[in-house]
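So you can see what is in the structure, the chains are spelled out below.
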Amino acid sequence: MAEAIYVGGLLVATPLLDDPNFRRSVVLILEHDRDGGTLGVVLNRPSDISVTQVLPVWDPLVTGPPVLFEGGPVQTDSALALAAVPSGEEPLGWRRLHAGTPAVSRLGTVDLDAPPEILQGEIAQMRIFAGYAGWSSGQLESEIAEGAWYVVDSEVGDTFHADPGSLWRHVLRRQPGELAFVATCPDDPTMN
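If you check an unreviewed UniProt entry, the chain appears there as UPF0301 protein MF672_048850 from Actinomadura luzonensis. Listed in UniProt under the heading Sequence similarities (unreviewed entry), the comment for the chain reads: "Belongs to the UPF0301 (AlgH) family."

S.K.: Give a detailed account of the overall build of the chain, specifying residues and quantitative values.
M.R.: Secondary structure summary: the chain contains 3 helices and 10 strands in total. Here the C-alpha radius of gyration of the chain, 16 Å, is about what a compact globule of 192 residues would show, namely 16 Å. A principal-axis box enclosing the C-alpha atoms of the chain has dimensions of 50 × 35 × 30 Å. Of the contacts formed within the chain by residues at least 6 apart in sequence, a portion of 65% connects residues at least 24 apart. Surface exposure of the chain reaches about 9600 Å², of which carbon and sulfur atoms provide 52%. Counting 11 positive and 26 negative side-chain charges, the chain places the averaged centre of each group 6 Å from the other.

S.K.: I'd like a rundown of the side chain of S47, residues and numbers included.
M.R.: Here S47 shows up in strand 4 (residues 46–50). Within the structure, S47 has its side chain in polar contact with the backbone nitrogen of I49 (distance 3.1 Å). Within the local environment of S47, its side chain forms a polar contact with the backbone oxygen of L68, the two atoms lying 2.7 Å apart. Setting aside its immediate chain neighbours within four residues, S47 contacts V67, L68, F69 and E70.

S.K.: Can you explain the layout of surface pockets? Please cite residues and give values.
M.R.: Rolled over the atoms, a probe sized like a water molecule indicates the empty space that remains. Approximately 250 Å³ is the volume attributed to the largest pocket. Lining the largest pocket we find 16 residues, and of these L30, E31, R95, L97 and T109 sit closest to its centre. Secondary-structure elements contributing two or more residues to the lining of the largest pocket are strand 2 (26–33), strand 6 (74–84), strand 7 (94–96) and strand 8 (107–110). Estimates place the volume of the second largest pocket at around 150 Å³. Considering the residues around the second largest pocket, the lining is formed by A84, P102, A103, V104, S105, R106, L107, Q125, V156, T159 and F160. Residue composition of the lining of the second largest pocket, grouped by class: 7 nonpolar, 3 polar and 1 charged.

S.K.: Describe the pairing of strand 8, and please don't skip the residues or the numbers.
M.R.: Side chains on a regular strand alternate between the two faces of the sheet. When strand 6 meets strand 8, the two strands line up antiparallel, connected through 4 bridges. In the sheet register, A81 faces strand 8, and the bridge partner there is V110. Examined bridge by bridge, strand 7 and strand 8 share 3 bridges and lie antiparallel to one another. By the bridge assignment for strand 8, R96 is matched with G108.

What counts and how
- Residues numbered from 1 in each chain as written.
- Predicted model: local features only at pLDDT ≥ 70, side-chain atom pairs only at ≥ 80, totals over all residues.
- Heavy atoms only, no water.
- UniProt positions renumbered as here; feature names shortened; annotations may be inferred.
- Helix = DSSP H or I, 4+ residues; strand = E, 2+ residues; numbered from the N terminus.
- Rg over C-alpha atoms; globule rule 2.2 N^0.38 Å.
- Contact = heavy atoms within 4.5 Å.
- Areas by Shrake-Rupley, 256 points an atom, 1.4 Å probe, with all protein chains shown as cover.
- Lys, Arg positive; Asp, Glu negative; His and termini not counted.
- Charge placed at Lys NZ, Arg CZ, Asp CG, Glu CD.
- Polar contact = N/O pair within 3.5 Å; in protein donor to acceptor, adjacent residues only side chain to side chain.
- 1 Å grid on protein atoms, 1.4 Å probe; cavity = no way out; pocket = protein on both sides within 12 Å on 5 of 7 lines; lining within 4 Å.
- Points joined across faces, edges and corners; volume = space filled by probe spheres on them.
- Nonpolar A, V, L, I, M, F, W, Y, C, P; charged D, E, K, R; others polar.
- Pairing = 2+ DSSP bridges.

Listed below in structure tokens is the structure:
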């Protein structure tokens, strides 16, 4: 289990975290600055809103399910897109995450104001998130110390996991030691 918060790492909600915005969520950290705070997106909350309803021009490039994902409770009326490139190239309209981990080395944000045609054939996978998760300086560290989050390493398939509903268990199951057992925690601990 990773100790430090870093760009490209994952925050996995512990069973103790019952905030409806983050219950059993997996958050990819997109920005982290000790003085400025942390920004990420929830990877495992697909919405019922199709991409064609909101951003139809981007629908052909989106990796299934072709819906908006609920990225977090901040600025839910704005969209943020993540895309993976198949090579080390940096196409126009795409900005690499500043992360030093191989799992996210080909991951970046997409300028949704750019014409989708410039990225057609340049990206391998893409998801669009409505809103994001944000923490002010020191806030996330406090939540981790209180036992709300596990900080773990991401793997290549996490961002575009084919079955977002199983991502929380999937990420926990691969962790070393006792943390893997948390994946078996029932949705309602009183039923245990």
